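Fold and contact review
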Amino acid sequence: MNRIQSLQQTFGEEVIRLDEPYVKKMSRDYYWYSPVLKKQLSGYAGDCVAIPRNEDELEELLSFAARHRIPVVPKGGGTGNYGQIVPLQGGIILDTTKLNEVKNIEKGFGTFGAGITLGKLENLLAETNQELRFYPSTYMKSTLAGFIAGGTGGIGSIEYGTLWDEGNVLGLTVMTLEEKPKRLTVHGKEELARYIHNYGLSGVIVDATIALAPKTSWQSMIAEFERWEDALFFSEYVAKGKHIQKRLVSVSAAPLSASFQPLRSLLSGDQHIVLLQIAPQDVDYVQQIGQSYQGKWAVDFNTFLASQRLRATDFSWNHVTLWRMKDYPDDTYVQARFDPEKFRLQMNELSAAFPDDIFMHVEWIKAGGQVVPSSQPVICYKADEQLFAIMEKCRQIGIRISNPHTYILEEGGKDDWIEHICAAKRVNDPYNLLNPGKTKRVEVTDRV
Ligand SMILES: Cc1cc2nc3c(=O)[nH]c(=O)nc-3n(C[C@H](O)[C@H](O)[C@H](O)COP(=O)(O)OP(=O)(O)OC[C@H]3O[C@@H](n4cnc5c(N)ncnc54)[C@H](O)[C@@H]3O)c2cc1C
C-alpha cells in the first residue's frame, strides 16, 4: 500500500478522495487566463483531495503529511489566477471549504473559519447591519483564507485599501506542517504579512479575524462616454472626492463593454464605460457630475440588475477580462499600477507604443492611504514576446507591474514581504511541503 492509499485508509473515503477526474478538476485554478501559464501548468495534478471536516481532522492530516513527507497545497474556492493551487509536486490538495465556522461577530470585526465563502459571509453580515470592507469580484466562490493568501483587494478597496493595509486583517490562526502541528496566533503588521498573499507557503490559515464596515445600501450606476478622457477624468473625480461615499469605481475602455453579454440590451458597446457603486445620498450628485463630463447614464440600472439576477461587480475587476475572453479566448491581461500623478501620460505613451494591442481597464483603489489607478488592461495576445515587451515598456515608463504570467510568488511583483514569508516557511514547514515550487527562495533540497 502506498502512502496515499494509507492516508485514505486512515481518514476514510469521505475525507480523502482519489477519483482521478475529481482530483484533476480540483488541481486547477484560473491560470488559463495566462497563455504563458497555460503552456507551463496544464499537466499537473495532485494525488488526492483531502477535505477535513473540522480543525482536529486538519491537524491530524497535516501531521500525517509531515510524517510521510507528502506535499500539501491548501485550496479555497480555486479562483486564483496564477496557478497558486496547482500542485507542482503532486500530493494532497487540501480542500478547506468545510472549515467554514462563524466563530464570533462583534460590531466592527469578526472571526471566521478559513473556508467560509465571502459571498456567504457578506449575506450573514447583513443580518448584523454590517458588510465586508472589501472583497474580490469572485466573492461568491472565493473563501476568506483563499482571498487572504492569494488575493489583493477588490470592491471596497477604494475606501479601505488592500489586504496589506493596517486594520483590515486583524488576526489569523495558522497551523504549521510538522509532526506535531502548532496553532499560531498571529497579530501585528509584520507578523500578518508573513501570511498575506503567500500562496499558502508558510502555514495553513485556520481562521481569520477581519474588520467589518457598517452596511450601506449601495446603488449601482453605469454611464457611457464617447471620449476616453471624459470617462477617466470623471472616474478620477469620483475616486478622489472625499465627499462621495463609494465602494466601486471601475473604468473599461471601448470596446470592452461589448463583451458584457448580459448588459447588451443596456449598453451600446462601442463607448467607454464607468461603473460605480455609490451610497444613496450621493447618487443624484454623482449623476449630475457624470453628465457634466458628457456621460450618459443607463436608466434604472439597479432594477435591471435585480431583474436579471446580476451584480454590478460581475463587470468589474478581473471579471472584465473574463467577459472579454469569452468573445476572444486568446486575449489576456496584465496588472499595472499607474503613477497617480502621471497616469494620463503613461496611458498615452503605452497606447502609442502598442496601438492595437491594449484596451485600458482601471480600478481605482486606495493603497497605503493614497488613491491610485490600479489597472488590469486587456491585451490582444499575439506572442509571449509581445506580452513581455508590453510589461517591459510599462516598467520603463514607471508603471508598476505585477506579472500575472508567472506562478513563482516573488516574480509576481507583490513581493515586498517575500523574505518574511520565506522565514516563516522555514520554521513552520521544515520539510518544504507546503505548496512546494512556488518560490525559488526555498529549494526542494531544503526537504530533509
Ligand atoms: C474572474 C476573476 C476575478 C477576480 N477578481 C479578483 C479581485 O477582484 N481581487 C482579487 O484580489 N483577486 C481576484 N481574483 C483572484 C481570486 O479570485 C481571488 O484572489 C480569490 O479571493 C481567491 O480565493 P479562493 O478561495 O478562490 O483561493 P484559491 O484560489 O483556492 O487559493 C488562493 C491561494 O490561497 C492559498 N490558500 C487557500 N486557502 C488557504 C488556507 N486555508 N491557508 C493557507 N493558504 C490558503 C492557496 O494555496 C492559493 O495559493 C479574480 C479571479 C478571477 C478568475
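Residues numbered from 1 in each chain as written. Predicted model: local features only at pLDDT ≥ 70, side-chain atom pairs only at ≥ 80, totals over all residues. Heavy atoms only, no water.

**Points about the layout of surface pockets**
- Its volume calculated, the second largest pocket comes out at about 460 Å³.
- Forming the walls of the second largest pocket are 23 residues, and the residues nearest its centre are Glu122, Tyr135, Tyr139, Gln277 and Arg311.
- Sorting the residues of the lining of the second largest pocket by element identifies helix H5 (118-126), strand S7 (130-132) and helix H11 (301-307) as the ones contributing at least two each.
- Looking at which element gives the most residues to the lining of the second largest pocket, the answer is H5, with 4 residues.
- Here the lining of the second largest pocket is built from residues that sort into 9 nonpolar, 9 polar and 5 charged.
- Inspection of the lining of the second largest pocket shows a minimum of three residues originating in each of domain 2 (102-215) and domain 3 (219-333 + 335-402). (1 Å grid on protein atoms, 1.4 Å probe; cavity = no way out; pocket = protein on both sides within 12 Å on 5 of 7 lines; lining within 4 Å. Points joined across faces, edges and corners; volume = space filled by probe spheres on them. Helix = DSSP H or I, 4+ residues; strand = E, 2+ residues; numbered from the N terminus. Nonpolar A, V, L, I, M, F, W, Y, C, P; charged D, E, K, R; others polar. Domains from an automatic or database assignment.)

**Overview of the pattern of salt bridges**
- A full pass over the atoms with the stated rule returns 27 salt bridges.
- Across the pair Glu349 and Lys393 runs a salt bridge whose closest N-O atoms are separated by 3.9 Å. Here the residue Glu349 occupies a position in helix H13 (residues 343-353), and Lys393 occupies one in helix H14 (residues 384-396), the gap between them amounting to 44 residues.
- A relative accessible area of 39% means that Glu349 is categorised as partly exposed.
- Three or more residues joined by partner-sharing salt bridges are found here, namely Glu14, Arg53, Glu57 and Lys98. (Salt bridge = Lys/Arg side-chain N within 4 Å of Asp/Glu carboxyl O. Buried < 20%, exposed > 50% of the residue type's maximum accessible area, 1.4 Å probe, protein only.)

**Examining the pairing of strand S5 (residues 102-106)**
- As defined by bridge partners, S5 adjoins strand S6 (residues 109-113) across 4 bridges and the pair is classed as antiparallel. When the bridges of S6 are listed, Glu106 appears paired with Phe109.
- Adjacent in sequence and paired antiparallel, S5 and S6 are bridged by 2 residues, among which Gly108 carries a positive phi angle near 100 degrees. (Pairing = 2+ DSSP bridges.)

**Thoughts on unusual backbone geometry**
- Look at the link from Ala254 to Pro255: it is a cis peptide, with omega at 5 degrees.
- In this structure, Pro255 sits in the loop between strand S12 (246-252) and strand S13 (272-278).
- Positioned with a positive phi, Tyr199 is a non-glycine residue whose angle comes to about 55 degrees.
- Looking at the secondary structure, you find Tyr199 in the loop between helix H8 (189-192) and strand S10 (204-214).
- For Asp300, which is not glycine, the phi dihedral falls at a positive 50 degrees.
- By secondary structure assignment, the location of Asp300 is in the loop between strand S14 (296-297) and H11.

**Brief notes about empty space enclosed by the protein**
- Summed over the entire model, instances satisfying the criterion amount to 3 cavities of 30 Å³ or more.
- In this structure, the largest cavity occupies an estimated 120 Å³ of space.
- If you trace the largest cavity, you find it lined by Leu118, Leu132, Arg133, Phe134, Leu144, Phe147, Ile148, Leu163, Asn168, Val169, Ile210 and Ala211.
- Per-element tally for the lining of the largest cavity: the top contributor is helix H6 (residues 144-150), with 3 residues.
- Broken down by class, the residue content of the lining of the largest cavity amounts to 10 nonpolar, 1 polar and 1 charged.

**Remarks on the packing of aromatic side chains**
- Per the counting criterion, the structure on display carries 14 aromatic pairs.
- Ring pairing ties together the aromatic residues Tyr30, Trp32, Tyr33 and Tyr333, which thus form one cluster.
- Between the NZ or CZ atom of Arg17 and the centre of the ring of Tyr22, over which it lies, the distance is 3.8 Å.
- Directly above the aromatic system of Trp323 lies the positively charged group of Lys326, at a separation of 5.3 Å from the ring centroid. (Phe/Tyr/Trp six-rings, centres within 6.5 Å; stacked < 30°, edge-to-face > 60°. Lys NZ or Arg CZ within 6 Å of the ring centre and 35° of its normal.)

**Here's the deal with the site of the ligand**
- Taken together, 37 residues lie near the ligand, and Pro74, Gly76, Gly77, Thr79 and Gly153 sit nearest.
- In this structure, a nitrogen atom belonging to the ligand sits 2.8 Å away from a main-chain N or O atom of Ile205.
- In isolation the ligand offers 970 Å² of accessible surface; the protein chains occlude 97% of this area.
- Those elements that place two or more of their residues in the shell around the ligand are strand S3 (72-75), H6, S10 and helix H12 (319-327).
- The greatest single-element share of the shell around the ligand, amounting to 5 residues, is contributed by H6.
- Of the residues in the shell around the ligand, the class split is 14 nonpolar, 22 polar and 1 charged. (Near = heavy atom within 4 Å. Polar contact = N/O pair within 3.5 Å; in protein donor to acceptor, adjacent residues only side chain to side chain. Areas by Shrake-Rupley, 256 points an atom, 1.4 Å probe, with all protein chains shown as cover.)

**So, the sheet that holds strand S17 (residues 358-359)**
- Strand order in this open sheet of 3 strands is S15-S20-S17, and the pairing throughout is antiparallel. Each having just a single partner strand, strand S15 (332-333) and S17 make up the two edges of the open sheet.
- With 2 bridges connecting them, S17 and strand S20 (residues 378-379) associate as antiparallel partners. When the sheet's bridge partners are listed, Phe359 is paired in S20 with Val378.

**Regarding the domain arrangement of the protein chain**
- Entries for the protein chain in the domain assignment read domain 1 (3-95), domain 2 (102-215) and domain 3 (219-333 + 335-402).
- Taking the mean C-alpha position of each, domain 2 and domain 3 sit 26 Å from one another.
- Facing the 18 residues of domain 2 at the interface are 19 residues of domain 3.
- Both faces combined, the contact of domain 2 with domain 3 buries some 1,400 Å², and carbon together with sulfur accounts for 55% of it.
- When the buried area of domain 2 at its contact with domain 3 is split by residue, Ser137, Ile155 and Ile158 rank highest and sum to 45% of it.
- Where domain 2 touches domain 3, the interface holds 2 salt bridges.
- Glu122 is paired through a salt bridge with Arg247; the nearest N and O atoms lie 3.2 Å apart.
- Where domain 2 packs against domain 3, one counts 7 residue pairs in polar contact (both at pLDDT 80 or more). (Contact = heavy atoms within 4.5 Å. Buried area = accessible area lost by both parts, 1.4 Å probe.)

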